[in-house]
2 protein chains.
Amino acid sequence: MTRPPPRGFPEAEHRARLALVQAAMAAEGLAALLLTTEPEIRWITGFLTRFWESPTRPWFLVVPAQGDPVAVIPSIGAELMRATWIRDVWTWSSPDYADDGVSLLAATLAERTPPDAGIGTPMGRESLLRMPLGDWHALADRIGRRRFRDDRGIMRALRMVKSEAEIDKIAAACAVAGRAFARAPEILIPGRPLSEVFRRFQILCLEEGADQVPYLAGGAAPGGYGDVISPASDRPLERGDVAMLDAGLSRDGYFADFDRNWSLGPPAPEVAEAHARLVEAADAAAGLARPGATPADLFHAMRAVLGGGELDVGRLGHGLGMQLTEPPSLIAADLTPLRPGMVLTLEPSIPLGPGRMLVHEEVIVVREDGPRFLSPRIGPEIPAI
Amino acid sequence: MTRPPPRGFPEAEHRARLALVQAAMAAEGLAALLLTTEPEIRWITGFLTRFWESPTRPWFLVVPAQGDPVAVIPSIGAELMRATWIRDVWTWSSPDYADDGVSLLAATLAERTPPDAGIGTPMGRESLLRMPLGDWHALADRIGRRRFRDDRGIMRALRMVKSEAEIDKIAAACAVAGRAFARAPEILIPGRPLSEVFRRFQILCLEEGADQVPYLAGGAAPGGYGDVISPASDRPLERGDVAMLDAGLSRDGYFADFDRNWSLGPPAPEVAEAHARLVEAADAAAGLARPGATPADLFHAMRAVLGGGELDVGRLGHGLGMQLTEPPSLIAADLTPLRPGMVLTLEPSIPLGPGRMLVHEEVIVVREDGPRFLSPRIGPEIPAI
């Protein structure tokens, strides 16, 4: 067991990220960037807390064109934010029904930007404005001639490429998941309800070093499971089932996300064949994952192995990092050039009949000289229990 | 141990909620309501999945002025949505970079509303529009003369009052947390790092019946801890510490959220006194929690017991249900009349010195004849381990 990396990042890492953001802002003519979501704010500041689970309060980070960012946050977060490298922390007592940070944020923007500034905020794919729409409109009315506009994908593009320190954290999370999966046969016992298996698998993840298990999906049924987003039912596992667990656990703020399949008893030939083909598909995609290739290339490589079966899950993998799923998407339309440091899941699926499917998932990081697996690579045989 | 209630809700419960929404929509002159967040969509449909952890895809529910709701969702969710009582499920293959549900949603709104319709969506306190802002603007451009406007707090007000079936689910989650807290002395061992305590406490929650543990906060330090939103450090517990764990676990989609304190060894007199006062403050607030009283009344009752010490955490409790924190807020400005069925946490805190505080939290439900505790009520003495 490799020792996991130390928690957090040195200030220099956050300053390097800030420099990338400000360079991109300059190219887009943005006088400031307004960030409102957990991963965006954490990527710049290092502010890590589970408190975002509470939807009540808005949190803001203003990144000026030059100089250090300003956190405009509820006072309950002041101590933790001041423990990061951020020195400029403006607070208000939230929730404030009359003015939940809007005038403080407007004042910050007025102080740090010229009167006709263009202020960017993420508005494109997979982005979110984490504040009430009413407050957003009120804010726009209080910044004079300044105007909000799309950040043109700055944050999306920069966060897609992980630093070595980030890759180490994702690798550590994947190692935790790998150890939990290795122990899964302990808990996959015929007669045990799937809901109980889910509970016990989360325990395995915690025992192996997860800080938390924000996501767990899976299924178990004879010869393949149905959809893979339903909560676990109380149906007991039975001999002949194919069981799948898909773990989205995190450690120090970075996610692992991959799955494993097991056959309870000897697998049916079509299950064994499907599993082998899924592994082959993931390997085919991994083999193409070099700088300059695209998510579309990986998608087509998997489709070529998987054959004609259509299963409309929307994509065959995605980015991974501070969130369970991140850009890019492994779809035909995603032509993002792969770059060293991108972390991707490869997630091929095969339909086996009405309500029956198999899904497999691995995690790779793109390197100059090709891919490296962050999930423990497996062979074509579905493990039988 | 009381048997937990069965999973899910009967269709009649969802239809009753829909009737409340449509009555409120009629009063506000809304031709439709657009919902985009997990709790809003689940409250109407029963659509329960951990898949929302993935931020990639938008999900929409259209509630027309009359008739049943229409789900406009990514195809990956179709099977699960069709397993609810919702019959009208429109899907697209998401992520779609050219059009991620926008034209399908616009078409749905055009089919279900008159050309000059006012379409509501939550824009007020604690609300969120869960879709990219760019797509929101594109949508507004594609609905002709229809206009989006604030739902005027319809969803906020209705969800604040829980049904008996919802109260049963929150009570079941609180019972799980209560059993986990009763076992906490097993894991609060001097020499053990707080990070390891956090891991083991999540395991206790799962062992006692939690489906997942989305939130855990806490602290441990001599004579009181610092802020309560930081992640657990690796500092080992020591004799003389006051330890606190604040569990936000869920079962069948409903949360428990309360905390407990322990003294490792005999408590210092000021710690013992502070704990007794926190319990007294929560009891004072509970004593007022009857229909017609307000969150402000409960806030002032706690402040009167707590005395002058100022700790700027923003509020002294909140609503609880499908989310870790929900409206109302126990602050001076919240004058919402309490109604039977409202579930509240009472969360007084006391500063003890620089970087030292104590927080206590209970959960009650407001009944016609007064409050009922959903968390196991405790006495004034801080338990010593």
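Given the structure is predicted, the values throughout are model-derived calculations rather than measurements.

Reading guide: rules and limits
- Residues numbered from 1 in each chain as written.
- Chains lettered and ligands numbered in written order.
- Predicted model: local features only at pLDDT ≥ 70, side-chain atom pairs only at ≥ 80, totals over all residues.
- Heavy atoms only, no water.
- Contact = heavy atoms within 4.5 Å.
- Buried area = accessible area lost by both parts, 1.4 Å probe.
- Salt bridge = Lys/Arg side-chain N within 4 Å of Asp/Glu carboxyl O.
- Polar contact = N/O pair within 3.5 Å; in protein donor to acceptor, adjacent residues only side chain to side chain.
- Helix = DSSP H or I, 4+ residues; strand = E, 2+ residues; numbered from the N terminus.
- Buried < 20%, exposed > 50% of the residue type's maximum accessible area, 1.4 Å probe, protein only.
- Pairing = 2+ DSSP bridges.
- Axes fitted to C-alpha atoms, helices over the stretch in contact; angles between N-to-C directions.
- Least-squares fit on C-alpha atoms with pLDDT ≥ 70 in both.

(A) Region of the structure containing the interface of chain B and chain A. With 68 residues of chain B at the contact, the number on the chain A side is 69 residues. In total, about 5,800 Å² of surface goes out of reach between chain B and chain A, with carbon and sulfur atoms giving 57% of it. Broken down residue by residue, the surface that chain B buries against chain A is led by B:Arg50, B:Tyr97 and B:Ile229, which jointly contribute 14%. Close ionic contact of B:Asp211 with A:Arg199 constitutes a salt bridge, the shortest N to O distance being 2.8 Å. Here chain B is connected to chain A by 28 residue pairs in polar contact (both at pLDDT 80 or more).

(B) Spatial organisation of the environment of A:Asp297. All names here are of chain A. Within the secondary structure, aspartate 297 is located in helix α10 (residues 295–306). Under the relative-accessibility criterion, aspartate 297 is labelled partly exposed at 34%. Along the backbone, aspartate 297 and proline 193 are 104 residues apart, and their C-alpha atoms lie at a distance of 40 Å.

(C) Structural detail: the pattern of salt bridges. Under the counting rule described, the total for this entry stands at 54 salt bridges over all chains. Where A:Lys162 meets A:Glu326, a salt bridge forms, and the shortest distance between an N and an O atom there is 2.6 Å. Of the two residues, A:Lys162 sits in the loop between α6 (154–160) and α7 (164–183) while A:Glu326 sits in strand β11 (residues 326–329), which places them 164 residues apart along the sequence. Accessibility assignment for this pair places A:Lys162 and A:Glu326 in one class, buried. In the salt-bridge network here, residues are joined through shared partners; they are A:Arg7, A:Asp211, B:Glu196, B:Arg199 and B:Arg200.

(D) View of the sheet that holds strand β7 (residues 212–222) of chain A. Residues and elements named next belong to chain A. Taken together, the three strands give an open sheet; going across it, the order is β7-β8-β9, and neighbouring strands pair in antiparallel fashion. Since the sheet does not close on itself, it has two edges, and those belong to β7 and β9 (254–263), each with one partner. Taken over all neighbouring pairs, the strand axes of this sheet differ in orientation by 10 degrees on average, direction set aside. Relative to strand β8 (residues 241–251), β7 runs antiparallel, the two sharing nine bridges. Each bridged residue has a counterpart across the sheet, and for tyrosine 215 the counterpart in β8 is glycine 248. Against the sheet, helix α8 (residues 194–207) engages β7 and β8, with an angle of about 140 degrees to β7.

(E) Looking closely at the relation of the copies chain B and chain A. Superposition record for chain B on chain A: RMSD 0.0 Å, screw rotation 180 degrees, translation along axis 0.0 Å. Accordingly, the operation relating the two chain copies is best matched by a two-fold axis. No C-alpha of chain B lies nearer the rotation axis than that of B:Ile203, which sits 2.7 Å from it.

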